[in-house]
Amino acid sequence: MKKSLSLLLGASLLFIMTGCDKKEETQESKMTYKLSTAEVYEQMCAKCHGKNAEGNTEKKGPALNDQTIQELRLGITDIKMGGSGGHSSGTEHEVMEHNMKKIIEKGMDYDTDAMAQYIHDNFNKK
Ligand code: HEC
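Residues numbered from 1 in each chain as written. Predicted model: local features only at pLDDT ≥ 70, side-chain atom pairs only at ≥ 80, totals over all residues. Heavy atoms only, no water.

Visitor: Explain the packing of helix α2 (residues 37-49) against helix α5 (residues 112-123) here, please?
Guide: The angle between the axes and the distance between the axes are what describe a pair of packed helices. Running from amino to carboxyl end, α2 crosses α5 at an angle of 80°, the nearest separation of the two axes being 10 Å. What the angle tells us is that α2 and α5 run roughly perpendicular. Of the residues in α5, those in contact with Thr 37, Ala 38, Val 40, Tyr 41 and Cys 45 of α2 are Ala 114, Met 115, Tyr 118, Ile 119 and Phe 123. Looking at side-chain class alone, the contact of α2 with α5 contains nine nonpolar, one polar and no charged residues. (Axes fitted to C-alpha atoms, helices over the stretch in contact; angles between N-to-C directions. Helix = DSSP H or I, 4+ residues; strand = E, 2+ residues; numbered from the N terminus. Parallel < 35°, antiparallel > 145°, perpendicular 65-115°, else oblique. Contact = heavy atoms within 4.5 Å. Nonpolar A, V, L, I, M, F, W, Y, C, P; charged D, E, K, R; others polar.)

Here it is in structure tokens:
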């Protein structure tokens, strides 16, 4: 009885471990993006947020060149994860959420941290 229990435990442990391995693999393959962050920004974000992240009133895209790296990171992660997650912008986020889906569909996925860094390093005016 004891033996079979530890066997079962061992087996499920192995299962959990291999399960983890698989997850890591898919996450890694997800990390290879077709386009560079700069290309994605130019092609996907600039039309609403401006070529230099100065914002575009016509498209209602807010300026991103006055945000800190933390704000950008939070905003971008939030958008990418598709959750308004109790953030103040509430329903407005749907614009970006919807767009994010399109972005991913088009194979224009990007790394959120890299995007925040890119916008901050290139466009921040402070
Ligand atoms: C179709 C127009 C459009 C496109 C394309 C677009 N955005 Fe936005 N974005 C908006 C609008 C409108 C808002 C404000 C409302 C909202 O949060 O949904 C916003 C909000 C944001 C915010 C939060 C700003 C804040 O002050 O909280 C970030 C960060 C952001 N966008 C980054 C990006 C990035 C990065 C891309 C490209 C991958 C992108 N956006 C593409 C329209 C767009």
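Visitor: Would you take a moment to explain the packing of helix α3 (residues 69-81) against α5 for this structure?
Guide: Orientation of α3 relative to α5, taken along the N-to-C sense of each, is 140°, at an axis distance of 9 Å. It follows that α3 is oblique to α5 by the angle criterion. Judged by the twist between their axes, the crossing of α3 over α5 is right-handed. Of the residues in α5, those touching α3 at Ile 69, Leu 72, Arg 73, Ile 76, Thr 77 and Lys 80 are Thr 112, Asp 113, Met 115, Ala 116, Gln 117, Ile 119 and His 120. Partitioned by chemical class, the residues of the contact of α3 with α5 number six nonpolar, four polar and three charged. (Left-handed = near helix turned anticlockwise from the far one by under 90°.)

Visitor: Would you take a moment to explain the pattern of salt bridges for this structure?
Guide: Pairing is possible between side chains of opposite charge, provided their charged atoms come close. The final tally for this structure, using the stated rule, is one salt bridge. As a salt-bridge pair, Asp 113 and Arg 73 come within 3.4 Å of each other at their nearest N and O atoms. Of this pair, Asp 113 sits in helix α5 while Arg 73 sits in helix α3, and the two are 40 residues apart along the sequence. You can call Asp 113 partly exposed: its relative accessible area is 38%. On the accessibility criterion, Arg 73 (33% relative accessible area) is partly exposed. (Salt bridge = Lys/Arg side-chain N within 4 Å of Asp/Glu carboxyl O. Buried < 20%, exposed > 50% of the residue type's maximum accessible area, 1.4 Å probe, protein only.)

Visitor: Just checking my understanding: could you explain the confidence of the model for the protein for this structure?
Guide: Should the pLDDT be low somewhere, the predicted coordinates at that spot are not to be read in detail. Chain-level pLDDT for the protein is 77 on average; 65% of the residues reach the 70-or-more range. For the stretch residues 83-91, pLDDT sits under 50, and the model shows eight contacts to residues farther than four places along the chain or on other chains. (pLDDT = per-residue confidence, 0-100.)

Visitor: Is there a simple way to think about α5 in this case?
Guide: In an α-helix, one full turn covers 3.6 residues, which means residues spaced three or four apart are oriented alike. Here α5 spans 16 Å end to end across 12 residues, near enough to the 16 Å set by a 1.5 Å rise per residue. Along α5, the positions that sit buried rather than exposed are Thr 112, Met 115, Ala 116, Tyr 118, Ile 119 and Phe 123. The buried residues of α5 occupy an angular sector of 160° when projected down its axis, which confines them to one face. Packed against the buried residues of α5 are α2 and α3. Between the side-chain oxygen at the start of α5 and the backbone nitrogen of Asp 113 there is a gap of 3.3 Å, and the oxygen is on Asp 111. (Expected span 1.5 Å × (residues − 1). Arc of directions from axis to C-beta. Polar contact = N/O pair within 3.5 Å; in protein donor to acceptor, adjacent residues only side chain to side chain.)

Visitor: Looking at this model, I keep getting lost on unusual backbone geometry. Mind explaining?
Guide: Negative phi is the rule for most residues except glycine; trans is the rule for most peptide bonds. Of note in this structure, Ala 53 is not a glycine but carries a positive phi near 60°. Its location among the elements puts Ala 53 in the loop between α2 and α3. Not every positive phi belongs to a glycine, and Lys 60 is a case in point at roughly 65°. Among the structural elements, Lys 60 can be located in the loop between α2 and α3.

Visitor: What is the right way to read α3 from this model?
Guide: In a regular helix each residue adds 1.5 Å, so 13 residues correspond to 18 Å; α3 covers 18 Å between its end C-alpha atoms and thus fits that length. Ile 69, Leu 72, Ile 76, Asp 78, Ile 79 and Lys 80 are the residues of α3 that are buried.

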